[in-house]
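Summary of structural features
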Amino acid sequence: MPPPSPFRRVGFVRSSLVVVGWCLTLAGCTTAVSPQPVDVLITGGTIYDGSDMPAYTGDVAITGDRIVYVGPPRSFAAGRTIDAAGRIVTPGFIDPHTHADVFLRSDDRGERVNAAWLAQGVSTVMIGVDGGGTPDVAADAAKLAGSEIGTNVAPFVGFGAVRGRVLGDAARAPDAAELAEMRGLVAKGMCEGATGFSTGLFYAPQSFAKTEEVVALAREAGSRGGLYDTHQRDESSYSIGLMDSTREAIRIGEESGAPVHIAHIKALGVDVQGEAPDLVALVDAARARGVDVTADQYPWLASGSSLDAALLPGWAVEGGGAALLARLENPETLARIRQEMAENLARRGGAQTLLLTAPDRDWTGRTLAQQAERTGTDPVDAALAIVAQVFREGGRGTEVASFNMAEDDVELLMRQPWVITASDGSIGHPRMFATYPEKYRKYVQERRTIDLARFVRQATGQVADIYKVKERGYLRSGYFADVLVFDPAGYAPRATYLSPRELSTGVTALFVNGRLAVEDSQITGEAAGRMLLRPAPEGCP
């Protein structure tokens, strides 16, 4: 039989007995002081409050959507009491880099609850990353807020959406009027509550932009207190290389006045494996001279991407899918595409390192090498056949897990004080469903790369500080009641590369804005999430 639930309605009884016992010790006592009523009391857990303060055993009390007490054990008249003895109590995790839109924008309310993140203990997600965030922030936020979502959501305004609206897929610089229009769109998004400006400079058509163009747009965010968040131009050796790409990211932040945050920092591929020490030194030097540089990281040795983004040269997709398909029909351009794809495949470590993970496809669960063997072609032609099929169907690539990182690099980056945790959660990769328990299991419990306190801080208060998420990320009286209780023995991932959509286990309770979203690893169906829009800065209409 399963162990009994830690949820017990004992708060009022316990508190009443304490008061009665206190009165009986005093001669002439006629009036007892009533304990403070609260909706929920989480008692006896090991509290990590999101800061650097050492953990301690104590209580957390919630009334409505707010925390009303955090500290040593204290008597309350609680509507519900959670006995958290032997469990860890923390703020709800904040995931700063997600592709949760696939659930949040679903027509199915059950998917909008965002169970993949809730089951990990995540109460807040960022969207619009990699340059994808619409500049129509207010309208989009209103739509999401009215649709019953399970996690809090903070949006970015994205370079891809902005550039696409003004220039489409063109591989050229904007003229003065077009640049002014793009700047206006970024300013609009910031004034409507975006957290900052995001880019995905690795991806076409954003990859067509020069540094100066990006600086001009990032300045619109920086001048309004926003962050510059970037999937940098090159995490490997595709174009300018990892180190020069990181220098570009730092330069954009420095010249725009925006804090710069490097998404899913890594040394990707055989050409740059082992460069993590140089990467750390570069960021440390920038921080030492006063540049506000931070980064996030996911705890997996395989990145997630699409087959076209991983292998096709950027110029081949200029103009979109129809243009790509036309180039594949031209023998000269096809030969050039095949040659550059072969070079990109070598960077990734070969066809055996690419696992095809798109759901419900003929090739699902095979490596590119296995698919090539099955079809009797070489790996480049096997990849081209898949890409062409997907584009003809109106899609934009097919998901792959790319095993291209070295463990030493991952661990070194994880230990840096300016690195936080993010999932980069996307369909086809287990990081969407299991990033936080995977990091806890592998890098806290097994490899002891970091300790539990650092694990919690990298997922809570430090994220709130970097992204300026107000009144969340810490267990403090008066803060919003995003509170996580998890079992240190049972908190674990279930998703794998071949079964990437399995919910994680071990969350005893997760409250989102004071409402119980997870109970004993079960999603309750509560849709308590809110849109987290920043107040309009000065100078906005």
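Residues numbered from 1 in each chain as written. Predicted model: local features only at pLDDT ≥ 70, side-chain atom pairs only at ≥ 80, totals over all residues. Heavy atoms only, no water.

Examining the overall build of the protein chain
Helices and strands together make up the secondary structure of the protein chain, namely 19 helices and 22 strands. Computed over C-alpha atoms, the radius of gyration of the protein chain comes to 25 Å, within 12% of the 24 Å expected from 2.2 N^0.38 for 541 residues, which places it in the range of a compact globule. With the C-alpha coordinates aligned to their principal axes, the bounding extent of the protein chain is approximately 100 × 55 × 45 Å. Taking all 541 residues of the protein chain together, the buried fraction comes to 58%. Across the protein chain, every contact between residues at least 6 apart in sequence was considered, and the portion connecting residues at least 24 apart equals 75%. Taken as a whole, the protein chain presents about 20,500 Å² of accessible surface, with 52% of it coming from carbon and sulfur. Between the averaged position of the 53 positive side-chain charges in the protein chain and that of its 66 negative side-chain charges there is a distance of 4 Å. (Helix = DSSP H or I, 4+ residues; strand = E, 2+ residues; numbered from the N terminus. Rg over C-alpha atoms; globule rule 2.2 N^0.38 Å. Buried < 20%, exposed > 50% of the residue type's maximum accessible area, 1.4 Å probe, protein only. Contact = heavy atoms within 4.5 Å. Areas by Shrake-Rupley, 256 points an atom, 1.4 Å probe, with all protein chains shown as cover. Lys, Arg positive; Asp, Glu negative; His and termini not counted. Charge placed at Lys NZ, Arg CZ, Asp CG, Glu CD.)

Looking at helix H7 (residues 176-191)
With 16 residues, H7 extends 22 Å between its outermost C-alpha atoms, agreeing within 8% with the 22 Å of an ideal straight helix rising 1.5 Å per residue. Where H7 is concerned, the buried positions are Glu 178, Met 182, Leu 185, Val 186, Ala 187, Gly 189, Met 190 and Cys 191. Where H7 is buried, its residues contact helix H5 (137-145), strand E10 (157-158), helix H6 (159-167), strand E11 (196-200) and helix H8 (211-222). Here H7 starts with a cap whose side-chain oxygen sits 3.1 Å from the backbone nitrogen of Ala 177, and that cap is Asp 175. (Expected span 1.5 Å × (residues − 1). Polar contact = N/O pair within 3.5 Å; in protein donor to acceptor, adjacent residues only side chain to side chain.)

Some thoughts on the layout of surface pockets
Volume-wise, the second largest pocket comes out at about 290 Å³. Forming the boundary of the second largest pocket are 13 residues, of which Lys 468, Lys 470, Leu 533, Arg 534 and Pro 535 lie nearest the centre. Residues that form the lining of the second largest pocket fall into these classes: eight nonpolar, one polar and four charged. (1 Å grid on protein atoms, 1.4 Å probe; cavity = no way out; pocket = protein on both sides within 12 Å on 5 of 7 lines; lining within 4 Å. Points joined across faces, edges and corners; volume = space filled by probe spheres on them. Nonpolar A, V, L, I, M, F, W, Y, C, P; charged D, E, K, R; others polar.)

Looking at the environment of Ala 209
Structurally, Ala 209 can be placed in the loop between E11 and H8. With 39 residues separating them along the chain, Ala 209 and Ala 170 place their C-alpha atoms 9.8 Å apart. What Ala 209 contacts, discounting residues up to four positions off in sequence, is Phe 159, Arg 163, Val 214 and Arg 233.

Description of the packing of aromatic side chains
This structure, assessed with the given rule, holds 16 aromatic pairs. Here Phe 202 and Tyr 203 contribute two aromatic rings whose centre-to-centre distance is 5.4 Å and whose plane-to-plane angle is 75°, an arrangement assigned as edge-to-face. For Arg 74, the ring lying beneath its charged end belongs to Tyr 69, and the centroid distance is 4.9 Å. If you follow Arg 431 out to its NZ or CZ, it ends over the ring of Tyr 298, 4.7 Å from the centre. (Phe/Tyr/Trp six-rings, centres within 6.5 Å; stacked < 30°, edge-to-face > 60°. Lys NZ or Arg CZ within 6 Å of the ring centre and 35° of its normal.)

Re the pattern of salt bridges
Evaluated as defined, the whole model comprises 34 salt bridges. Arg 251 is paired through a salt bridge with Glu 212; the nearest N and O atoms lie 3.1 Å apart. Note that Arg 251 is positioned in helix H9 (residues 242-256) and Glu 212 in helix H8, a separation of 39 residues in sequence. Note on Glu 212: relative accessible area 48%, which makes it partly exposed. A salt bridge links Glu 438 to Arg 441, with the nearest nitrogen and oxygen atoms 3.0 Å apart. Of this pair, Glu 438 and Arg 441 both sit in helix H17 (residues 431-446), three residues apart, roughly one helical turn. If you follow the salt bridges from partner to partner, you end up with Asp 65, Arg 66, Glu 471 and Arg 530 in one network. (Salt bridge = Lys/Arg side-chain N within 4 Å of Asp/Glu carboxyl O.)

Some thoughts on the state of the cysteines
Scanning the model with the defined rule gives one disulfide in all. Each disulfide pairs two cysteine sulfurs, and for Cys 191 the partner residue is Cys 540, the sulfurs being separated by 2.0 Å. Judged by the torsion about the S-S bond (-80°), the Cys 191/Cys 540 disulfide is left-handed. Note that Cys 191 is positioned in helix H7 and Cys 540 in the segment after strand E22 (522-523), a separation of 349 residues in sequence. No difference in accessibility class separates Cys 191 from Cys 540, as the two residues are buried. (Disulfide = S-S within 2.5 Å.)

Comments concerning the packing of H6 against H7
Running from amino to carboxyl end, H6 crosses H7 at an angle of 140°, the nearest separation of the two axes being 10 Å. What the angle tells us is that H6 and H7 run oblique. The way H6 lies across H7 gives a crossing that is right-handed. On the side of H6, the interface is formed by Val 162, Arg 163, Arg 165, Val 166 and Leu 167, while H7 contributes Glu 178, Glu 181, Met 182, Leu 185 and Val 186. (Axes fitted to C-alpha atoms, helices over the stretch in contact; angles between N-to-C directions. Parallel < 35°, antiparallel > 145°, perpendicular 65-115°, else oblique. Left-handed = near helix turned anticlockwise from the far one by under 90°.)

A look at the side chain of Asp 49
Looking at the secondary structure, you find Asp 49 in the loop between strand E2 (36-47) and strand E3 (56-63). Buried and unpaired, Asp 49 has Arg 476 as its nearest opposite-charge partner, separated by 5.6 Å. At 2.6 Å, the side chain of Asp 49 forms a polar contact with the side chain of Ser 51. Non-local contacts of Asp 49, meaning those with residues more than four positions away in its chain, are made with Pro 91, Gly 473, Tyr 474 and Leu 475.

Brief notes about the confidence of the model for the protein chain
In the predicted model, the protein chain carries a mean pLDDT of 93, and 94% of its residues have values of at least 70. Element-level mean pLDDT values for the protein chain span from 38 in helix H1 (residues 11-24) up to 99 in strand E7 (residues 93-95). Note that pLDDT drops below 50 for residues 1-30; the model gives that stretch 43 contacts with residues more than four away or on any other chain. (pLDDT = per-residue confidence, 0-100.)

Here's the deal with the sheet that holds strand E8 (residues 122-127)
Strand pairs in the sheet, formed through backbone hydrogen bonds, run parallel or antiparallel to each other. The strand order E7-E8-E9 describes an open sheet built from three strands, whose pairing is parallel. Both outer strands of the open sheet, E7 and strand E9 (152-155), are each paired with one neighbouring strand and no more. Geometrically, the sheet is characterised by an average inter-axis angle of 20° between neighbouring strands, direction not taken into account. In this sheet, E9 lies alongside E8 in parallel orientation, the contact comprising four bridges. Bridging across to E9, Thr 124 finds its partner in Asn 152. (Pairing = 2+ DSSP bridges.)

As for the sheet that holds strand E15 (residues 302-306)
The three strands lie next to each other as E15-E17-E16, forming an open sheet whose pairing is antiparallel. Either end of the sheet is taken by a strand with one partner, and the two such strands are E15 and strand E16 (354-356). Mean inter-strand twist for the sheet, computed between neighbouring axes without regard to direction, equals 30°. Across five bridges, the pairing between E15 and strand E17 (residues 399-403) is antiparallel. Along E17, the bridge assignment pairs Ser 303 with Ser 402.

Considering empty space enclosed by the protein
Under the criterion given, the structure shown has one cavity of 30 Å³ or more. Considered as a void within the structure, the largest cavity measures approximately 30 Å³ in volume. Its residues placed into classes, the lining of the largest cavity shows four nonpolar, two polar and one charged.

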